[in-house]
Amino acid sequence: MTGHERGTSWFLAQLKPNCARIADKHLTRQGFRTLLPLEEETRQRNGKFVTADRPLFPGYIFVAFDAARGLWRQVNSTYGITRLVSFGREPTAVPLDLVSQIMLRCDADGKLLPPKVLKPGDQVALTKGPFANFVAEVEKIAPDRRVWVLMEIMGGQKRVALGADQLRTI
């Protein structure tokens, strides 16, 4: 996940269902640069809460290559890829600024970093634990980096302390 090289552009490839990691592996093996931003998601399965990394854009992956060399046909025939997103006969490049901003929000492994600044009054969603996907409002941020939020539970507001890594701004 490096920046921009001369002659290359970023494109968006549509994936086959559940083939994000397979396509990423095969594209990387062929020498293409890829960007598959991931976010942590907590779901309830069989009565337990399971946290797993899920693609930020399900069904899509960013691929960098030189379209003038005709490499887009090689991407289209990669295992796990349905097709490159295009308007007309040839694939359409994704603006470099958009890809750069996504890269800035991800770590080296492509995992989405938590937002750096929260302030009182912000609406947030919990990302981990039994209250995953609940919406809360930031009340205050303590010096020990704990974030106090107000959650609407059972008809009343409850005050809960959480780590900033457990919250996602809405």
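Please refer to the structure higher up on the page.
Residues numbered from 1 in each chain as written. Predicted model: local features only at pLDDT ≥ 70, side-chain atom pairs only at ≥ 80, totals over all residues. Heavy atoms only, no water.

S.K.: Kindly report on the layout of surface pockets, identifying the contributing residues and their values.
M.R.: Estimates place the volume of the largest pocket at around 280 Å³. If you go around the largest pocket, you meet 14 residues; those closest to its centre are Glu-40, Leu-112, Leu-113, Pro-114 and Asp-165. Broken down by secondary-structure element, the contributors of at least two residues to the lining of the largest pocket are strand E3 (38–45) and strand E12 (167–169). Of the residues assigned to the lining of the largest pocket, the class counts are five nonpolar, one polar and eight charged. When residues are assigned to domains, the lining of the largest pocket turns out to be shared by domain 1 (8–105) and domain 2 (122–169), each giving three or more. (1 Å grid on protein atoms, 1.4 Å probe; cavity = no way out; pocket = protein on both sides within 12 Å on 5 of 7 lines; lining within 4 Å. Points joined across faces, edges and corners; volume = space filled by probe spheres on them. Helix = DSSP H or I, 4+ residues; strand = E, 2+ residues; numbered from the N terminus. Nonpolar A, V, L, I, M, F, W, Y, C, P; charged D, E, K, R; others polar. Domains from an automatic or database assignment.)

S.K.: Residue-level account of the environment of Asp-144, with values.
M.R.: Here Asp-144 shows up in the loop between strand E9 (135–141) and strand E10 (146–153). Between the C-alpha atom of Asp-144 and that of Arg-54, which follows or precedes it by 90 residues, the distance is 29 Å.

S.K.: I'd love a proper account of the nonpolar core, names of residues and values included.
M.R.: If you look at the biggest cluster of nonpolar residues, it comprises 17 residues, and the most contacted ones within it are Ile-61, Val-63 and Phe-65. When contributions to this core are tallied by element, the ones reaching two or more residues are strand E1 (9–15), helix H1 (20–29), strand E5 (60–65), helix H2 (72–76) and strand E6 (81–84). In this structure Ile-61 touches Phe-11, Leu-12, Ala-13, Leu-15, Asp-24, Leu-27, Thr-34, Leu-35, Leu-36 and Ile-81, once residues within four positions along its chain are discounted. The next biggest cluster of nonpolar side chains, apart from the first, holds eleven residues, and it includes Leu-126, Val-138, Val-147 and Leu-167. (Core = buried A, V, L, I, M, F, W, Y, C linked by side-chain atoms within 4.5 Å. Buried < 20%, exposed > 50% of the residue type's maximum accessible area, 1.4 Å probe, protein only. Contact = heavy atoms within 4.5 Å.)

S.K.: Could you give an account of the pattern of salt bridges, naming the residues involved and the relevant values?
M.R.: Evaluated as defined, the whole model comprises eight salt bridges. Lys-111 serves as the salt-bridge partner of Asp-53, at 3.7 Å between the closest nitrogen and oxygen. Here the residue Asp-53 occupies a position in strand E4 (residues 48–55), and Lys-111 occupies one in the loop between helix H3 (96–104) and strand E8 (123–126), the gap between them amounting to 58 residues. We classify Asp-53 as partly exposed; its relative accessible area is 25%. We note a salt bridge from Asp-165 to Lys-128, for which the minimum N-O separation is 3.5 Å. Linking Asp-165 in the loop between strand E11 (156–163) and E12 with Lys-128 in the loop between E8 and E9, this pair joins segments that are 37 residues apart in sequence. (Salt bridge = Lys/Arg side-chain N within 4 Å of Asp/Glu carboxyl O.)

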